Amino acid sequence: MPTERREPSPTQRDDIYYRFLAGAAATRLLQSVVDLNLPQLLASKGALAADEIITALALQPKRGSKWLLELRHVGLLEELSDASSSPVKYRAGPLMRALFYADGRMEFFYQDFLRISLNAQALDLVQVLRGLPVPQIPYPPQTLAEAHALERWMRDTARETIATIEQAITFEGIQRLLDVAGGDGTMAIHFARRYPQLHVTVFNLPNSAYIARQNVVRAGAGERVSIVEGDFRHDPLPQGYDLVQFSRVLADWPEDVCRMLLDKAQHALVPGGRLLICEPLADDNPDLTVAWEYKYLHYDDFGVELYKPLATYERLLSQAGFHILKVNRKTPDTIHAVIVAQRQ
Ligand SMILES: C[S@@+](CC[C@H](N)C(=O)[O-])C[C@H]1O[C@@H](n2cnc3c(N)ncnc32)[C@H](O)[C@@H]1O
């Protein structure tokens, strides 16, 4: 006899079940759109009828029609709202407009992360869980080329993150900012330009520090931005700062490393100095968390539970002797939360 099943309701059960399957289908649909250069086709020709798309992409007509319908279901295509046009024409839908530039190229970060996610999805998870060797993405980056690749992701997506940080804190009274793991210096250069009283130290591993140093020289910001090389797992952080920033750093590391980093931040701050954490929270970003943690499952340099809920940060900050001043949660403009805390 089947055992009794309680909650959720039948509708919720089916919705949950199909949401799982739809996620996998949507990933493949997105990759097919990239592989077939559909966004470029629409960017160069404008809205097209189904037959025109199918011919231009050399698709089998019946399968092509089904594919176009699926692209509409997931928001990659939409019908041109001009009712007079016959046959119906299709143009980039909301998802395609969000992920691709006007010329049809996909933003580098989205393309690269899609590629890595699909590589992971192509592997047999049971075999992976039982120890199948998987080509590894080392973290942190080991070579200059790997550091360039990571810092490009960060640079390309920095503008939104900077705006999120500036919403949460005013830099007016701050003289000395330590940007721990501060990427290629993009944020430091921006803050130094915008706030004339500010001196910024970027702390990073040697390869990324080298890239940052080049950017600082190119930007003519050498007097106000300095670069310190180090590995925060083993080296102390420099000291005497009004503000220490971890932007998009703590979600790369498990709790024990984060705890150590917050202790080091305590020592880097002057009494009463502030700490700023900018990260996507697991409780605000469930889909992002599943996608990234699925990737990390395959790469052994990454630890367990890197995306954390707010409660974990609250606990870690309190244990490290910080008092939380402010938490800005995710908004329609940003996936990140910003936590500002003060050294007690
Ligand atoms: C995800 S990026 C964030 C960069 C920047 N904070 C931003 O928001 O644009 C992570 C950064 O952590 C740095 N990093 C990783 N491991 C590190 C370590 N052990 N010591 C110092 N920096 C490290 C990387 O080089 C990279 O710049």
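Residues numbered from 1 in each chain as written. Predicted model: local features only at pLDDT ≥ 70, side-chain atom pairs only at ≥ 80, totals over all residues.

(A) The arrangement of the overall build of the protein chain in detail. The helix and strand tally for the protein chain stands at 14 helices and ten strands. Over its C-alpha atoms, taken along the principal directions, the protein chain stretches across nearly 70 × 65 × 40 Å. Burial analysis of the protein chain (344 residues in total) assigns 27% to the buried set. Of all intrachain contacts in the protein chain linking residues separated by at least 6 positions in sequence, the fraction that spans at least 24 positions is 68%. (Helix = DSSP H or I, 4+ residues; strand = E, 2+ residues; numbered from the N terminus. Buried ≥ 20, exposed ≤ 12 C-beta atoms within 10 Å, placed from the backbone. Contact = placed C-beta atoms within 7 Å.)

(B) Structural detail: the site of the ligand. Not every one of the 19 residues close to the ligand is listed here, only the nearest: Pro 140, Ala 181, Gly 183, Ser 247 and Arg 248. Going through the elements one at a time, helix H8 (144-156) and helix H9 (158-168) are the ones with two or more residues in the shell around the ligand. Classifying every residue of the shell around the ligand gives nine nonpolar, six polar and four charged. (Near = placed C-beta within 6 Å. Nonpolar A, V, L, I, M, F, W, Y, C, P; charged D, E, K, R; others polar.)

(C) Up close: the pairing of strand E7 (residues 241-247). Most of E7 sits out of view: six of its seven residues are buried. Pairing geometry for strand E4 (residues 176-180) and E7, over four bridges, is parallel. Residue pairing across strands places Asp 179 opposite Gln 245, the latter belonging to E7. As a crossover connection, the stretch from E7 through helix H12 (residues 255-268) into strand E8 (residues 269-280) is right-handed. (Pairing = 2+ DSSP bridges. Right-handed = clockwise from strand over helix to strand, strands pointing away.)

(D) Helix H13 (residues 286-297), seen in detail. Compared with the 16 Å implied by 1.5 Å per residue over twelve residues, the 16 Å span of H13 between its first and last C-alpha is a close match. Among the residues of H13, those classed as buried are Thr 289, Trp 292 and Tyr 296. The arc that holds the buried residues of H13, viewed along the axis, is 80°, so those residues lie on one side. In H13, the exposed positions that point more than 90 degrees away from the buried face belong to Pro 286 and Asp 287. (Expected span 1.5 Å × (residues − 1). Arc of directions from axis to C-beta.)

(E) Quick peek at the nonpolar core. Within the largest apolar cluster, 55 residues are counted, with the highest numbers of intra-cluster contacts made by Val 180 and Val 244. Other than its neighbours up to four places away in sequence, Val 244 contacts Leu 178, Val 180, Ala 265, Ala 268, Leu 269 and Leu 275. Counting 14 residues, the second largest nonpolar core, distinct from the first, contains Ile 53, Trp 67, Leu 71 and Leu 76. (Core = buried A, V, L, I, M, F, W, Y, C linked by C-beta atoms within 7 Å.)

(F) Structural view of the domain arrangement of the protein chain. Under the domain assignment used here, the protein chain contains domain 1 (10-106) and domain 2 (144-287 + 296-343). Between the C-alpha centres of domain 1 and domain 2 the distance comes to 38 Å. (Domains from an automatic or database assignment.)

(G) Here's a closer look at the sheet that holds E8. The mixed open sheet is built from seven strands, whose spatial order is E6-E5-E4-E7-E8-E10-E9. Looking at the sheet topology across the chains shown, the edges are occupied by strand E6 (225-229) and strand E9 (322-328). Across the sheet, the axes of successive neighbouring strands diverge by a mean angle of 20°, strand direction being ignored. Two strands pair when backbone bridges link them, and E9 and strand E10 (residues 336-343) are joined in this way by six bridges, in the antiparallel orientation. Bridging from a neighbouring strand, His 323 pairs with Gln 342 of E10. This element, helix H14 (residues 310-319), spans E8, E9 and E10 of the sheet and lies at about 155° to E9. (Axes fitted to C-alpha atoms, helices over the stretch in contact; angles between N-to-C directions.)

(H) Geometry of the sheet that holds strand E3 (residues 89-92). With antiparallel pairing, three strands are arranged side by side in an open sheet as E1-E3-E2. Bordering the open sheet on either side are strand E1 (48-49) and strand E2 (77-79), each of which pairs with just one other strand. The pairing of E2 with E3 spans three bridges and is classified as antiparallel. If you follow Glu 79 over to E3, its bridge partner there is Tyr 90.

(I) Expanded view of the environment of Glu 151. Within the secondary structure, Glu 151 is located in helix H8. C-alpha separation for the pair Glu 151 and Thr 186, spaced 35 residues apart in sequence, amounts to 9.4 Å. Once residues lying within four places of it in the same chain are set aside, the contact partners of Glu 151 are Gly 183, Asp 184, Ser 208 and Ile 211.

(J) Spatial organisation of the packing of helix H6 (residues 108-121) against H8. At a minimum axis separation of 9 Å, H6 and H8 run at an interaxial angle of 130°. With respect to H8, the axis of H6 lies oblique. Of H8, the residues touching H6 (which contributes Phe 108, Phe 109 and Asp 112) are Arg 152, Trp 153 and Asp 156. Each residue belonging to the contact of H6 with H8 can be placed in one class, and the counts come to three nonpolar, no polar and three charged. (Parallel < 35°, antiparallel > 145°, perpendicular 65-115°, else oblique.)

(K) How the structure looks around the pairing of E3. Sheet topology note: the E1/E3 ladder contains two bridges and is antiparallel. Each bridged residue has a counterpart across the sheet, and for Ala 49 the counterpart in E3 is Lys 89.

(L) Fine view of the packing of H6 against H13. Running from amino to carboxyl end, H6 crosses H13 at an angle of 60°, the nearest separation of the two axes being 9 Å. Accordingly, the angle class assigned to the pair H6 and H13 is oblique. The element H6 and its partner H13 pack so that their crossing is left-handed. Contacts between H6 and H13 involve Ile 116, Ser 117 and Ala 120 from the first element and Ala 291, Tyr 294 and Lys 295 from the second. Of the residues assigned to the contact of H6 with H13, the class counts are four nonpolar, one polar and one charged. (Left-handed = near helix turned anticlockwise from the far one by under 90°.)

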